[in-house]
Amino acid sequence: AVVSTQSTGYTEQQRLLTDEGEAQLPRLAEDDPDFFRLIEEAERAIEEDILPERIYQGSSGSYFVKDRKQHIIGVFKPKNEEPYGHLNPKWTKWMQKMCFPCCFGRSCLLPNQGYLSEAGASIVDSKLGLNIVPNTKVVALASDTFNYTKFDRAKAKSVKFATERFPDTLGKKMKQGLPPKVGSFQVFVNGYKDADAWIRRFQEEPLPPKMKEHFQRLFERLVCLDYIIRNTDRGNDNWLIKYDKGEEDPAKAIHIAAIDNGLAFPFKHPDEWRAYPYYWAWLPNASEPFSDETRDLLLHKLKDLELVQDMLDELCRLFKCDKAFDRALQLKQVSVIRGQILNLCQALEEKKTPLQLVQMPLLRIESEGKGKERSSFIQKFQDKYPLFSSC
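Residues numbered from 1 in each chain as written. Predicted model: local features only at pLDDT ≥ 70, side-chain atom pairs only at ≥ 80, totals over all residues. Heavy atoms only, no water.

Chemist: Go over the pattern of salt bridges with me, naming the residues and quoting the values.
Modeler: Tallied over the full model, the rule gives 23 salt bridges. Of the charged contacts in the structure, one is a salt bridge between Lys66 and Glu53, with a shortest N-O distance of 2.6 Å. In this pair, Lys66 is assigned in strand S2 (residues 63-66) and Glu53 in strand S1 (residues 53-54), connecting sequence segments 13 residues apart. Between Asp260 and Lys77 there is a salt bridge; the shortest N-O distance is 2.7 Å. A residue pair is termed long-range when its members are at least 10 positions apart, and Asp260 in the loop between strand S8 (254-257) and helix H11 (292-302) and Lys77 in strand S3 (residues 72-78) qualify at 183 residues. A residue is classified by how much of its surface remains accessible, and Lys77, at 18% relative accessible area, is buried. A cluster of three or more residues bridged by salt bridges with shared partners is formed by Lys77, Glu118 and Asp260. (Salt bridge = Lys/Arg side-chain N within 4 Å of Asp/Glu carboxyl O. Helix = DSSP H or I, 4+ residues; strand = E, 2+ residues; numbered from the N terminus. Buried < 20%, exposed > 50% of the residue type's maximum accessible area, 1.4 Å probe, protein only.)

Chemist: Any details on the sheet that holds strand S7 (residues 240-243)? Residues and values, ideally.
Modeler: What the three strands build is an open sheet, ordered S6-S7-S8; its pairing is antiparallel. Every interior strand has two partners, whereas the edge strands, strand S6 (193-194) and S8, have only one. Here S6 runs beside S7; their pairing, made up of two bridges, is antiparallel. In the sheet register, Lys193 faces S7, and the bridge partner there is Ile241. (Pairing = 2+ DSSP bridges.)

Chemist: Which residues make up the nonpolar core, and what are the values?
Modeler: Across soluble globular proteins, nonpolar side chains have a tendency to be buried as a group. Among the nonpolar cores identified, the biggest contains 63 residues, and Val124, Trp239, Ile241, Ile254, Leu302 and Leu344 are the most heavily contacted of them. Elements with a contribution of two residues or more to this core: helix H5 (114-128), helix H8 (195-204), helix H9 (209-229), S7, S8, H11, helix H12 (305-319) and helix H13 (327-349). Counting 14 residues, the second-largest nonpolar core is a separate cluster that includes Phe35, Ile73, Ala156 and Phe185. (Core = buried A, V, L, I, M, F, W, Y, C linked by side-chain atoms within 4.5 Å.)

Chemist: Could you give an account of the packing of H5 against H9, naming the residues involved and the relevant values?
Modeler: Running from amino to carboxyl end, H5 crosses H9 at an angle of 125 degrees, the nearest separation of the two axes being 10 Å. The orientation of H5 relative to H9 falls into the category oblique. Seen from above, H5 lies across H9 with right-handed handedness. Between H5 and H9, the residues in contact are Ala121, Val124, Asp125 and Leu128 and Leu225, Ile228 and Ile229, respectively. (Axes fitted to C-alpha atoms, helices over the stretch in contact; angles between N-to-C directions. Parallel < 35°, antiparallel > 145°, perpendicular 65-115°, else oblique. Left-handed = near helix turned anticlockwise from the far one by under 90°. Contact = heavy atoms within 4.5 Å.)

Chemist: Help me get a handle on the environment of Leu329, residues and values and all.
Modeler: With respect to the secondary-structure elements, Leu329 resides in helix H13. For Leu329 and Phe267, which are 62 residues apart along the polypeptide, the C-alpha to C-alpha distance reads 6.2 Å.

Chemist: Residue-level account of the sheet that holds strand S4 (residues 136-141), with values.
Modeler: What links the strands of a sheet is backbone hydrogen bonding, and the strands pair in either a parallel or an antiparallel sense. The antiparallel open sheet is built from five strands, whose spatial order is S1-S2-S3-S5-S4. A single partner strand is all that each edge strand has here, and the edge strands are S1 and S4. Here S4 pairs with strand S5 (residues 181-187) via six bridges, running antiparallel. Bridge pairing in S5 places Thr136 opposite Gln186. Those strands touched by helix H3 (residues 33-47) are S2, S3, S4 and S5, and its axis lies near 30 degrees from that of S4. Taken strand by strand, H5 contacts S3, S4 and S5, and its axis lies near 140 degrees from that of S4.

Chemist: Mind laying out the packing of H11 against H13, listing which residues take part and the relevant values?
Modeler: Orientation of H11 relative to H13, taken along the N-to-C sense of each, is 140 degrees, at an axis distance of 10 Å. By the angle between their directions, the pair H11 and H13 is classed as oblique. Considering the relative orientation of H11 and H13, their crossing is left-handed. For the pair formed by H11 and H13, the contact residues are Thr294, Arg295, Leu298, Leu299 and Leu302 on the first element and Ile341, Leu344, Cys345, Leu348 and Glu349 on the second. Taken together, the residues that form the contact of H11 with H13 break down as seven nonpolar, one polar and two charged. (Nonpolar A, V, L, I, M, F, W, Y, C, P; charged D, E, K, R; others polar.)

Chemist: Account for the environment of Ala197, naming residues and giving values.
Modeler: Its place among the elements puts Ala197 in helix H8. Sequence-wise, Ala197 and Asn236 are 39 residues apart; in three dimensions their C-alpha atoms are separated by 8.7 Å.

Chemist: Summarise the layout of surface pockets; cite the residues concerned and give the values.
Modeler: In this structure, the second largest pocket encloses a volume near 750 Å³. Lining the second largest pocket are 28 residues, and of these Gln309, Val334, Arg338, Ser367 and Phe377 lie nearest its centre. It is H13 that contributes the most residues to the lining of the second largest pocket, eleven residues altogether. Broken down by class, the residue content of the lining of the second largest pocket amounts to 14 nonpolar, five polar and nine charged. (1 Å grid on protein atoms, 1.4 Å probe; cavity = no way out; pocket = protein on both sides within 12 Å on 5 of 7 lines; lining within 4 Å. Points joined across faces, edges and corners; volume = space filled by probe spheres on them.)

Chemist: Any details on a nonpolar patch on the surface? Residues and values, ideally.
Modeler: Together, Trp273, Leu387 and Phe388 make up an exposed nonpolar region whose accessible area comes to about 310 Å². Following the sequence through the fold, Leu387 ends up in the segment after strand S10 (377-381). For Leu387, a relative accessible area of 58% corresponds to the exposed category. (Patch = residues over 30% accessible without salt bridge, like charges linked within 9 Å, V, L, I, M, F, W, Y side chains within 5 Å. Areas by Shrake-Rupley, 256 points an atom, 1.4 Å probe, with all protein chains shown as cover.)

Chemist: Could you give an account of H8, naming the residues involved and the relevant values?
Modeler: Buried residues of H8: Ala195, Trp198, Ile199 and Phe202, and no others. The arc enclosing the buried residues of H8, seen along the axis, measures out at 100 degrees, which places them on a common side. More than 90 degrees from the buried face of H8, the exposed residues found are Gln203 and Glu204. On its buried side, H8 packs onto S6, H9, S7 and S8. (Arc of directions from axis to C-beta.)

Chemist: Give me the lowdown on the packing of aromatic side chains, citing residues and values where you can.
Modeler: Counted according to the given criterion, the structure contains 15 aromatic pairs. With 4.9 Å between their ring centres and 25 degrees between their planes, Tyr278 and Trp280 make a pair best called stacked. We classify Tyr278 as buried; its relative accessible area is 7%. Here the aromatic cluster, defined as three or more aromatic residues joined through ring pairs, consists of Trp198, Phe202, Phe215, Phe219, Tyr227, Trp239, Tyr243, Tyr278 and Trp280. In this structure, Lys181 packs its charged tip against the face of Tyr148, placed 4.8 Å from the ring centre. Here Arg230 stacks its cationic end above the ring of Tyr278, 4.6 Å away from the centre of that ring. (Phe/Tyr/Trp six-rings, centres within 6.5 Å; stacked < 30°, edge-to-face > 60°. Lys NZ or Arg CZ within 6 Å of the ring centre and 35° of its normal.)

In structure tokens form, the structure reads like this:
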């Protein structure tokens, strides 16, 4: 009932990746013209030497991207600078591999696919009307501040010299500059702070009743998003809260943003060393039953087979843009999502709490048949569990 790590080739000790499998980008101009214009602005800023700045927090190479007015407009996370990418500029993952090999990697996730996971979370958010994930898509950008190999930098320098020396010949045939990096680009949200800081403050200075109620609804949306995509990395430091104490309208005063969704969409439930729990499950908010508002927002959508299939098809199109795409593993990802949706529907119907939701038996829903003949489904419950359940 559970996929073996031998059949996939991925283990907890998965080595750092090479640069195999670059992505084929979707067309942004057709899908989202506003987002396309934002990327154009970022490219023009880079041309004017307003370069992205590396974010020093975290375990991968990620960058604040600016516009020509030097305002931060997005966060770019290159594929080959992800935690296990071969050009990750942070040394922490190398140290983890050397000193703590039993904790290295996540065997339930497809390696080096974090950029697709970031964009996939945005798709789920949009399809279900949650409105808590900043718009995120897969793009390609080049900048001198990104982490490149010495060969790429030397090659770019040589090409620049040749094209400047022979502009009428080589200059018309050779493309200058460093090679673009494929990665996820998430629109930057202003005025937000880590949820951990605000939650501790709310415990000292409780929110007014109406504000507290609205925050609970937003929290429930975060719960539903994370549960559907089976986010394996949701701590209280990677979702954000914005609160304007002077604003009386709760809908305008308080907002949340679900960022850092790069470790989601597993092809199996965690079943080896670690459980990767949802850390929001230990908050007091997780002990409150799901509200009627959340139930009315999501239940009919999650029960709409066509809507769910449309969402899954869009995720499939996204995942296919990577050359390392594996149809069999993608179907396993879908089976996990379907199982999560089934559990969530039951929890909403029975007005369970988020804490009770994460305690429900884990299952996958696999489809029978091949191609268009996939018409029936089989439920398979998890029969193997990780050694450590609290980390």
